[in-house]
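For reference, the chains in residue letters:
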Amino acid sequence: MTTIRRGVEADLPQVLGLIQELAEYERAPQEVTNTLADMQRDGFGPEPIFKFFVAENAEGAILGIALYYTAYSTWKGRMLYLEDLVVTEAARGTGLGKLLFDAVVHEARTTGANRMKWQVLEWNEPAIGFYKKIGANLDPEWHNGNLTNEQLLAYNCNEAVMSL
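Draft legend 1. Expanded view of the packing of aromatic side chains. Evaluated as defined, the whole model comprises ten aromatic pairs. With 5.6 Å between their ring centres and 85° between their planes, Phe101 and Phe130 make a pair best called edge-to-face. In this pair, Phe101 sits in helix α3 (residues 96–110) while Phe130 sits in helix α4 (residues 125–133), placing the two residues 29 residues apart along the sequence. The class for Phe101 is buried, based on a relative accessible area of 6%. Three or more aromatic residues joined by ring pairs make a cluster, and in this case those are Phe101, Trp118, Phe130 and Tyr131. The ring centre of Trp142 lies 6.0 Å from the NZ or CZ of Lys117, which sits over that ring.

Draft legend 2. Spotlight on the pattern of salt bridges. Tallying each qualifying case throughout the model produces seven salt bridges. One salt bridge connects Arg5 with Asp11, and the closest N-O pair in it is separated by 2.8 Å. Since its relative accessible area comes to 5%, Asp11 is described here as buried. Salt bridges sharing common partners tie together Arg5, Asp11 and Glu56.

Draft legend 3. Geometry of the nonpolar core. Residues Leu80, Leu82, Phe101, Val104 and Met116 are the most contacted members of the largest nonpolar core, which totals 21 residues. Those elements that place two or more of their residues in this core are β2 (51–56), β3 (62–73), β4 (77–87), α3 and α4. Considering every element that reaches this core, the biggest residue donor is α3, with six residues. When sequence neighbours within four positions are dropped, the list of residues in contact with Leu82 reads Ala66, Leu67, Tyr68, Phe101, Val104, Met116, Lys117 and Trp118. Among the nonpolar cores identified, the runner-up in size contains 14 residues, and Val15, Ile19, Met39 and Leu67 belong to it.

The rules we used
Residues numbered from 1 in each chain as written. Predicted model: local features only at pLDDT ≥ 70, side-chain atom pairs only at ≥ 80, totals over all residues. Heavy atoms only, no water. Phe/Tyr/Trp six-rings, centres within 6.5 Å; stacked < 30°, edge-to-face > 60°. Helix = DSSP H or I, 4+ residues; strand = E, 2+ residues; numbered from the N terminus. Buried < 20%, exposed > 50% of the residue type's maximum accessible area, 1.4 Å probe, protein only. Lys NZ or Arg CZ within 6 Å of the ring centre and 35° of its normal. Salt bridge = Lys/Arg side-chain N within 4 Å of Asp/Glu carboxyl O. Core = buried A, V, L, I, M, F, W, Y, C linked by side-chain atoms within 4.5 Å. Contact = heavy atoms within 4.5 Å.

Structural data, given as structure tokens:
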């Protein structure tokens, strides 16, 4: 029997393991620079910036996670951003992903979010199939912009904003 519940700090070692498994699946294991200490600070420190749900089996093993945070749309107001939905390879296809997704949708509703967003890689056919099956909008018009840590540090900010 698998239980869906809110994540707690003690879950973080297993959560980080699932994040590393996801990075392997997405062919980018070297991209994970997040640490357990970072996650403890960012999820359970004085100003938490993310929350998560876990799918846990009867033995206490975490088989999946849905990590999310509140964001803000200038057009729509409060929104919930699903950063990652991960189900360990052995448990894929069992319905755990849908249960985790359902938990995040319920959280969006109960927190007054007007929108929920997430991303999916263009080659991740199982995930794309799931999102299409539930009737989600997969928008091909938007490009994702990112600056790496190195790019953030190298970027030249205008002096006028440096004292904000």
